[in-house]
Amino acid sequence: NFITIRQALENNTARQIRMCFLLHKYNAPMDYGDNTMSHAMSIEKIFVEFFHNVKAIMREGKIINVQRWDSSARELQLAVASATNGVDEALKDDFDTPTCISVLADLVKATNLYISDCTTNERTPVSLVIRNAAKCVTKIFKTFGLIPESSGVEIGFPVFAGEEGGEEKLAPLLDALIDFRSSVRDMARTKDIKGVLEECDSFRDDALPPLGIRLEDKTGGKALWKLADPAELMKEREQRELEKQRKENEKKAAATEKAKKDAMNKLSPEEFMKQLTLDDGSDKPKYSKYEESTGLPTHFHDGKELNKSQVKKANKEFQGQKKKYEKFLKSTSS
């Protein structure tokens, strides 16, 4: 079986396909398929989120601010130097790109641990060392063609293809902000607090994703914005909606099943036996005759008398329903 590059690009981006190739040695067999591409996409996502987090920290901490280097910051800087050497050694070893990606992934992990440690201990991270880690990854990715040299970015993957037409880019965002402001003002006048919160969620989930902006709520009431591919964000929103719909359907199905079960529990064992139907999916009653004194069935729907084994099975059904019915009566009387 063969697949053309054009066909591959219908399901994955050029960057994802390049990442897939880099995860395999150039002279080793590669099984191109859904599992292989899923792995490449998961690796790509690690680096995408890494660059987003680094840019968020760079926005909060200017490089001109005081940079207090502690032991953790120095360890991360050593990890940057180690990653640079590791990539160099891997490329010299018969162009071992899988090891290069693994080395860079380890650097990302070390950086994320440093950021997490700073957050946990309420310590301001050294933005310079984080910037160095991101620049190291960016430089290698440019070498591998994952980031175009012409993109003009210093850190991370490019978000926009070009920089022309700034007004046209800002217009949709400004329109969304104006609509959001108008809605919030109207609700504030009527003191509709719930409506204001719902409008904030709608602005985050509906207005911003088509514009390529991901807004993430953080603890403490502060939010974090990230730029991303609008198509990617819309696909994520679609998946969230599908998952939400799936859970709602499961909830409705569970409620329906519970209501059906509760309705059956309300039946006395005598009534329950008369409600039983055949297993073929029809509504035809399972039994046709019953013993007057006990209510137990004696004959099948076709008039055949139950044998000893069948009577035992019917009695088991009868006793099981009797326990459920008694439990129901007890719950209603208490």
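Sequence order as written defines residue numbering, which begins from 1 separately in each chain. Totals for whole chains, interfaces and linings use all residues, but because this is a predicted model, local features are given only for residues with pLDDT of at least 70 and pairs of side-chain atoms are given and counted only at 80 or more. The side-chain quantities take in all heavy atoms of the structure and omit both hydrogens and water.

Observations concerning the environment of Pro 297
Stated formally: Strands here are runs of E lasting at least two residues and helices are runs of H or I lasting at least four, both read from the DSSP assignment and numbered beginning at the N terminus. We call a residue buried when its accessible area falls under 20% of the maximum for its residue type, exposed when it is over 50%, and partly exposed in between, using a 1.4 Å probe and counting protein chains only. By definition, residues are in contact when any of their heavy atoms lie within 4.5 Å.
Here Pro 297 shows up in strand S4 (residues 297-300). According to the relative accessible area criterion, Pro 297 is buried, its value standing at 5%. Sequence separation between Pro 297 and Lys 226 is 71 residues, and the spatial gap between their C-alpha atoms is 69 Å. Those residues within four positions of Pro 297 in sequence are excluded, and the remaining contacts are Met 273, Tyr 287, Lys 289, Tyr 290, Leu 306 and Ala 314.

Regarding the nonpolar core
Definition in use: By nonpolar core is meant a set of buried Ala, Val, Leu, Ile, Met, Phe, Trp, Tyr and Cys residues that side-chain atoms within 4.5 Å join together.
Ranked by internal contacts, the top residues of the largest apolar core, which has 46 residues, are Met 19, Phe 47, Phe 51, Ile 101 and Phe 141. A per-element tally of this core places helix H3 (residues 34-60) first, with ten residues. If we skip the residues at most four places from it in the chain, Phe 47 touches Met 19, Ile 101, Leu 104, Ala 105, Val 108, Val 137, Phe 141 and Phe 157. Ranked by size, the runner-up nonpolar core spans nine residues in total, among them Phe 272, Met 273, Leu 306 and Phe 318.

Observations concerning the environment of Gln 77
Checked against the element boundaries, Gln 77 lands in helix H4 (residues 71-92). For the pair Gln 77 and Asn 132, spaced 55 residues apart in the sequence, the C-alpha separation amounts to 7.6 Å.

Comments concerning the confidence of the model for the protein chain
Applicable threshold: Scored between 0 and 100, pLDDT is the confidence that the predictor attaches to each residue.
Residue-level pLDDT values for the protein chain average 87, and 93% of them are 70 or greater. For the protein chain, per-element mean pLDDT is lowest for helix H7 (residues 166-189), which scores 78, and highest for H4, which scores 96. The model gives residues 162-166 a pLDDT under 50, and that stretch makes three contacts with residues more than four places away or in other chains.

Points about the environment of Lys 327
For Lys 327, the location among the structural elements is in helix H11 (residues 308-333). Distance from Lys 327 to Asn 265, taken between C-alpha atoms, is 8.5 Å for residues 62 residues apart in sequence.

Details of H4
Going by this rule: The span one expects for a helix is its residue count, reduced by one, times 1.5 Å.
Relative to the 32 Å expected for 22 residues at 1.5 Å per residue, H4 spans 32 Å between its end C-alpha atoms, a close match to the ideal helical length. Each element contacted by the buried residues of H4 is listed here: helix H5 (97-120) and helix H6 (127-144). At the exit of H4 stands Asp 94, carrying a positive phi of roughly 60°.

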